[in-house]
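Below, each chain spelled out in residue letters.
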Amino acid sequence: MDIAGITMGSRVGSTAAGKASSGKSWKMSDPLREKIIEYAKEDAAQNVYMGDQFLALRKSEVAKVAPDRAALIGKIGQDLAYMKKIREADKRWLCFLFGEPYEAEFQSEGMGSAVHVYDRNGDEILTYTAGVGWHERESKAETEVHWALKSAYYDAYRAARQEINAGARREVRGGFDARV
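In short, a report on the structure. Keep in mind that this is a model prediction, so the values were computed, not measured. (Residues numbered from 1 in each chain as written. Predicted model: local features only at pLDDT ≥ 70, side-chain atom pairs only at ≥ 80, totals over all residues. Heavy atoms only, no water.)

1. Quick word on the overall build of the protein
Part 1: Across its full length, the protein holds six helices and six strands.
Part 2: Taken from the N to the C terminus, the helices and strands of the protein come in the order β-β-α-α-α-α-α-β-β-β-β-α.
Part 3: Counting across all 180 residues of the protein, residues that qualify as buried make up 41%.
Part 4: Total accessible area on the protein stands at roughly 10800 Å², and carbon and sulfur atoms take up 52% of it. (Helix = DSSP H or I, 4+ residues; strand = E, 2+ residues; numbered from the N terminus. Buried < 20%, exposed > 50% of the residue type's maximum accessible area, 1.4 Å probe, protein only. Areas by Shrake-Rupley, 256 points an atom, 1.4 Å probe, with all protein chains shown as cover.)

2. Considerations on the side chain of Glu-61
Part 1: Relative to the elements of secondary structure, Glu-61 occurs in helix α2 (residues 52-63).
Part 2: On the basis of relative accessible area, Glu-61 is assigned to the buried category, the value being 8%.
Part 3: Among the polar contacts listed, one links the side chain of Glu-61 to the side chain of Trp-26, at a separation of 2.6 Å. (Polar contact = N/O pair within 3.5 Å; in protein donor to acceptor, adjacent residues only side chain to side chain.)

3. Remarks on the nonpolar core
Part 1: If you look at the biggest cluster of nonpolar residues, it comprises 20 residues, and the most contacted ones within it are Met-28, Leu-32, Ile-36, Phe-54, Leu-149 and Tyr-153.
Part 2: Of all the secondary structure elements, the ones that give two or more residues to this core are α1 (30-45), α2 and α6 (140-174).
Part 3: With nine residues, the top contributor of residues to this core is α6.
Part 4: When neighbours within four sequence positions are excluded, Ile-36 is seen to be in contact with Met-28, Phe-54, Leu-57, Leu-149, Ala-152 and Tyr-153.
Part 5: Core analysis: the next-biggest nonpolar cluster, separate from the first, contains eleven residues, Leu-72, Ile-73, Ile-125 and Trp-134 among them. (Core = buried A, V, L, I, M, F, W, Y, C linked by side-chain atoms within 4.5 Å. Contact = heavy atoms within 4.5 Å.)

4. Section: the pairing of strand β5 (residues 124-129)
Part 1: Judged from the five bridges that link them, strand β4 (residues 114-118) and β5 form a sheet pairing that is antiparallel. Counterpart to Ala-114 in the pairing with β5 is Thr-129.
Part 2: Here β4 folds back onto β5 in antiparallel fashion, the turn holding five residues, of which Gly-122 has a positive phi close to 85°.
Part 3: Pairing between β5 and strand β6 (residues 133-136): four bridges, direction antiparallel. Within β6, the residue paired with Tyr-128 across the bridge is Trp-134.
Part 4: Joining the antiparallel neighbours β5 and β6 is a turn of three residues, in which Gly-131 adopts a positive phi near 80°. (Pairing = 2+ DSSP bridges.)

5. A few points about the pairing of β4
Side chains on a regular strand alternate between the two faces of the sheet.
Part 1: Buried residues dominate β4, accounting for five of its five residues.
Part 2: Relative to β4, strand β3 (residues 103-107) is paired through five bridges, and the arrangement is antiparallel. What sits directly across from Glu-103, in β4, is Tyr-118.

Next up, the structure:
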């Protein structure tokens, strides 16, 4: 474990390079792809893009690679006086507080205090600013899962809509069409 140096206030934590931001890997399985295709076909038949079932599936898959932000927020707290104690702490205590693979940057200069929490890849995943509160930021791993799922869904939805539209054109050609 290597300890990050201090920058812009106190930036401390432990890092481990080369893994996904949560330390969990994700790959789209064949059953998952089939489930996405099924949802896309159902949604296309109802003329709904990204229905509730797909959105719930996407949320659950992204959660598999997402860092536990609630636990990190719980470790820091929302009290600015607590932030002052954290800024004054030594590196070992802060590494113990955040644990591997996270690191934090505390800012007290400028307009006010802020806490920035980073994952092992250096992606900022949480920000706390006084008077505003916590803001979650999507990690690269989460973005990649979102993109893969949306891409698979889009391809399946587009194919299903084309099939539906082709079927509708065949029906019009085979029967009486008042528009002609």
